Amino acid sequence: MADRHQTDGAPSGAREYDAIVIGAGFAGLYMLYRLRERGLSVRVLEAADGIGGTWYWNSYPGARCDVESMDYSYSFDPELEQEWTWTEKYPAQPEILAYINHVADRFDLRPDIQLQTRVESATWDDGAHRWEIVTDAGERFRAQFVVSAIGTLSAPLKPRYEGIDDFQGEWYQTQDWPKEPVSFEGKRVAVVGTGSSGVQAIPEIAKEAAHLTVFQRTPNFSVEGKNRPLTAEEIAERKAGYREHRDKQRNSNVGIPLAINERSGLDMTHEERIAEMEERWGYGGAPVFNVSFVDIMTNIEVNEIVQDFVRDKIRAKVDDPELADLLTPRGHPFAAKRLCVDHGYFETFNRDNVDLVPITDNPIDRLTPDGIRLADGSEHEFDAIVFAIGYDAISGSLLRIDIRGRDGVSLRDEWAERPATYHGLTIAGFPNLFTVTGPYSPAVLAVMIVAIEQHVEWIDACIGHLRDHGIETIEATREAQEEWVAHVDEVTAGTVFPLATNSYYNGANVPGKPRNFPLYAGGLIEYNRRIDEVAANGYDSYLLDGRPAGGDTEAGGADEAAAIASNGPWN
Ligand code: FAD
Ligand code: NAP
């Protein structure tokens, strides 16, 4: 498709579009597709030199999805799902990236995507009702609408150790893995970080390296994935039932239809509980196990029962009891810190070439030319270091852009204490800016592609409504935003999430970041109901062209929030 931008009439040589989409991952590609179908001129600006977002950047050894492949794919096109065949229960990163590239080609998306283009700033011009976007190359764009599709896990934390420039070996980050092959053959390798990325990379690196040392700050709970190739029968069955399955996905709380055990763990005998958990553990993966009891995430007593079960699993897998003890998570509820899904992680520590170094009370002090020095002065020598240290999650990627809304107000100032949004879709004071899976939406508590499709479709319909009614601007009211944030807080308070004080969910992993939990834990069903209602009511909780569209906002008080929290579970 020809680039339909206009420069006529746009000041300062800026290229003018109807919409600028930031990011070319799953969200940005689908947003482009929808808006283009609607007839808008769209430009997608992407920092990377390839499309795919998460699945472009994270090509580290062992990277794979922990949602089953046939659940983690676009649902918007029935032909697409028939022509694509997944090979494994959990697809590996290359397969997901190949799928994304297939989608881009199939829908001819590439001509409207501009790679190697990082958005540095976005400024609202209230006189012209346009956003002005400036990139790292100084290129300027103007657009009536900006859609942030920049991801919740796309602002990597960088290793900022003193001495890192003097380290004589190679060092890598899981979140920015080189595109050329990396070999650890015959090398002494360190991995720092034991979250989902570390837990996936460690077993693979251990197979190749001469020696692997794992630096662990916090042991975390992990569920066995039990990955395997998909059988021809499974593929045929799913392809025949995809439409029905998609409906169920969209009408579930985490984006996967699950057989939830509706009983409280407290209403079952010990034997019944173990049998329930064993059966689900045997199936593999987090979602099925997480619904062993209806109240795992809302009742700490039940959660503790699950914690003990998973700790026993770790002890059974690790030969050395002292090592097993070091690998055993304590001090946070099960799944309140993002749960890992592993493929032989704990067993890796039975290998002769693997060591564990706990650094909870003895942190990394600095890098030396030869390796890593800990606070107690002990030194460890390496040829290569892999940092799997995570992200400034959820709000981080938005705050890395200098975004200025009405009256020049800076988003960084607005969110200095904590972020605030209306449904994670829009922000008061920032007209015509939409955020796919923004803070205070379900986002990473659900299967992301389901959450993404739902947001993209809501945004597309909203823009359609504005166009059909000759409305130039839409903006969340402060009142609606505050009520929504208060509701999210009330729902969170009814869960065990606040008991995990050290988690990227609440920003604790980023030094200096204000702590709060900007995720909606009420499940997709309730969330959908609320955002669909806003659309059905003509966006009446918004300002349209600066005027209240009318109607009440929809928060429902603490009692209702507590009931919603029990909707769990979460991905
Ligand atoms: P992303 O894929 O993060 O894409 C955002 C894009 O925006 C990136 O390409 C980035 O380069 C670009 N960008 C950011 N800032 C700028 C800027 N200023 N200017 C221009 N471009 C910019 N979710 C699940 O549901 N299940 C899983 O199993 C799962 N596994 C994951 C594994 C890993 C290793 C990680 C990191 C995340 C995983 N996730 C998973 C979450 C995953 O991020 C989402 O599933 C999904 O891929 C997000 O798509 P997105 O398009 O919203 O964002
Ligand atoms: P993460 O979960 O935040 O884990 C980072 C790890 O690094 C933690 O063990 C953390 O310890 C440690 N760490 C951070 N800073 C450190 C420091 N300065 N010194 C020592 N250790 C440090 O990040 P991630 O593993 O990249 O995963 C992020 C998210 O991406 C996941 O939670 C998940 O949502 C997604 N993801 C999904 C998959 C999948 O599903 N297939 C795979 C990878 C990632 P603390 O715990 O003490 O902070």
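Preceding this section is the structure that the text describes.
Residues numbered from 1 in each chain as written. Chains lettered and ligands numbered in written order. Predicted model: local features only at pLDDT ≥ 70, side-chain atom pairs only at ≥ 80, totals over all residues. Heavy atoms only, no water.

Draft legend 1. Highlighting the site of ligand 1. Taken together, 31 residues form the shell around ligand 1, and within it Glu46, Thr54, Asp66, Tyr72 and Met448 come nearest. With respect to ligand 1, the side chain of Thr54 contributes an N or O atom lying 2.7 Å from an oxygen atom. The side chain of Tyr72 places a nitrogen or oxygen atom 2.5 Å from an oxygen atom of ligand 1. When ligand 1 sits alone it has 980 Å² of accessible area, and the protein chains cover 95% of it. The element that contributes the greatest number of residues to the shell around ligand 1 is helix α2 (residues 54-57), accounting for three residues. Here the residues of the shell around ligand 1 are counted per class, giving 20 nonpolar, eight polar and three charged. (Near = heavy atom within 4 Å. Polar contact = N/O pair within 3.5 Å; in protein donor to acceptor, adjacent residues only side chain to side chain. Areas by Shrake-Rupley, 256 points an atom, 1.4 Å probe, with all protein chains shown as cover. Helix = DSSP H or I, 4+ residues; strand = E, 2+ residues; numbered from the N terminus. Nonpolar A, V, L, I, M, F, W, Y, C, P; charged D, E, K, R; others polar.)

Draft legend 2. Up close: the environment of Asp370. Tracing the backbone through its elements, the reader meets Asp370 in the loop between β13 (364-367) and β14 (371-374). When residues no more than four places from it in sequence are discounted, the contact partners of Asp370 are Phe167, His380, Glu381 and Phe382. (Contact = heavy atoms within 4.5 Å.)

Draft legend 3. Fine view of the sheet that holds strand β20 (residues 542-544). With antiparallel pairing, three strands are arranged side by side in an open sheet as β19-β20-β21. The open sheet terminates on both sides in strands that have one partner only, identified here as β19 (474-476) and β21 (547-548). Summarising the sheet, β19 and β20 pair through three bridges and their orientation is antiparallel. Its bridge partner lying in β20, Ala476 is registered against Tyr542. (Pairing = 2+ DSSP bridges.)

Draft legend 4. Just a positive patch on the surface, in detail. Judged by side-chain charge, Arg118, Lys158, Arg160 and Arg400 come together as a positively charged surface patch. Topologically, Arg400 is positioned in the loop between α12 (396-399) and β17 (402-404). (Patch = residues over 30% accessible without salt bridge, like charges linked within 9 Å, V, L, I, M, F, W, Y side chains within 5 Å. Salt bridge = Lys/Arg side-chain N within 4 Å of Asp/Glu carboxyl O. Lys, Arg positive; Asp, Glu negative; His and termini not counted. Charge placed at Lys NZ, Arg CZ, Asp CG, Glu CD.)

Draft legend 5. Summary view of the packing of aromatic side chains. Under the counting rule described, the total for this entry stands at 42 aromatic pairs. Centroid distance Tyr172 to Phe184: 5.9 Å. Interplanar angle 85 degrees. Geometry classified as edge-to-face. With Tyr172 in strand β7 (residues 170-173) and Phe184 in the loop between β7 and β8 (188-192), this residue pair connects regions lying twelve residues apart in the sequence. Note on Tyr172: relative accessible area 14%, which makes it buried. Through a chain of ring-to-ring contacts, three or more aromatic side chains come together here, namely Phe26, Tyr30, Tyr33, Trp55, Tyr72, Tyr74, Phe76, Trp84, Trp86, Tyr99 and Phe107. Lys89 extends its terminal NZ or CZ atom over the ring of Tyr283, reaching a point 4.7 Å from the ring centre. A cation over a ring is seen here: Lys179 above Tyr56, with NZ or CZ 4.4 Å from the ring centre. (Phe/Tyr/Trp six-rings, centres within 6.5 Å; stacked < 30°, edge-to-face > 60°. Buried < 20%, exposed > 50% of the residue type's maximum accessible area, 1.4 Å probe, protein only. Lys NZ or Arg CZ within 6 Å of the ring centre and 35° of its normal.)

Draft legend 6. Looking closely at the packing of helix α1 (residues 26-37) against helix α14 (residues 448-468). The N-to-C vectors of α1 and α14 enclose an angle of 30 degrees; their axes lie 9 Å apart at closest approach. By the angle class used here, α1 and α14 are roughly parallel. In the crossing of α1 with α14, the sense of the turn from one axis to the other is right-handed. Across from Phe26, Ala27, Tyr30, Met31, Arg34 and Leu35 in α1, the residues of α14 making contact are Ile449, Ile452, Glu453, Val456, Glu457, Ile459, Asp460 and Ile463. Per-class residue counts for the contact of α1 with α14 are ten nonpolar, no polar and four charged. (Axes fitted to C-alpha atoms, helices over the stretch in contact; angles between N-to-C directions. Parallel < 35°, antiparallel > 145°, perpendicular 65-115°, else oblique. Left-handed = near helix turned anticlockwise from the far one by under 90°.)

Draft legend 7. Quick peek at α1. Over its twelve residues, α1 extends 17 Å from the first C-alpha to the last, a length consistent with the 16 Å expected when each residue adds 1.5 Å. Of all twelve residues making up α1, ten are buried, and the element is well covered by its neighbours. Where α1 is concerned, the buried positions are Phe26, Ala27, Gly28, Leu29, Tyr30, Met31, Leu32, Tyr33, Leu35 and Arg36. Positive phi appears at Gly39, one or two residues downstream of α1, with a value of about 95 degrees. (Expected span 1.5 Å × (residues − 1).)

Draft legend 8. Geometry of the layout of surface pockets. What the second largest pocket holds in volume is close to 560 Å³. Every element with two or more residues in the lining of the second largest pocket is listed here: α6 (232-250), α7 (270-283) and α8 (286-290). In terms of residue count, the dominant contributor to the lining of the second largest pocket is α6 (seven residues). Counted by class, the lining of the second largest pocket contains twelve nonpolar, three polar and eleven charged residues. Each of domain 1 (11-155 + 393-476 + 502-548) and domain 2 (258-334) gives at least three residues to the lining of the second largest pocket. (1 Å grid on protein atoms, 1.4 Å probe; cavity = no way out; pocket = protein on both sides within 12 Å on 5 of 7 lines; lining within 4 Å. Points joined across faces, edges and corners; volume = space filled by probe spheres on them. Domains from an automatic or database assignment.)

Draft legend 9. Examining the site of ligand 2 more closely. Close contacts around ligand 2 come from 24 residues, with Arg64, Asp66, Ser197, Thr218 and Lys337 the closest. Here a nitrogen atom of ligand 2 sits 2.5 Å away from a polar atom, N or O, in the main chain of Arg64. For ligand 2, an oxygen atom lies 3.3 Å from a polar atom in the side chain of Arg338. Burial of ligand 2 by the protein chains amounts to 87% of its free accessible area of 900 Å². In terms of residue count, helix α5 (residues 196-208) provides more of the shell around ligand 2 than any other element does, three residues in total. For the shell around ligand 2, the residue count by class is ten nonpolar, nine polar and five charged.

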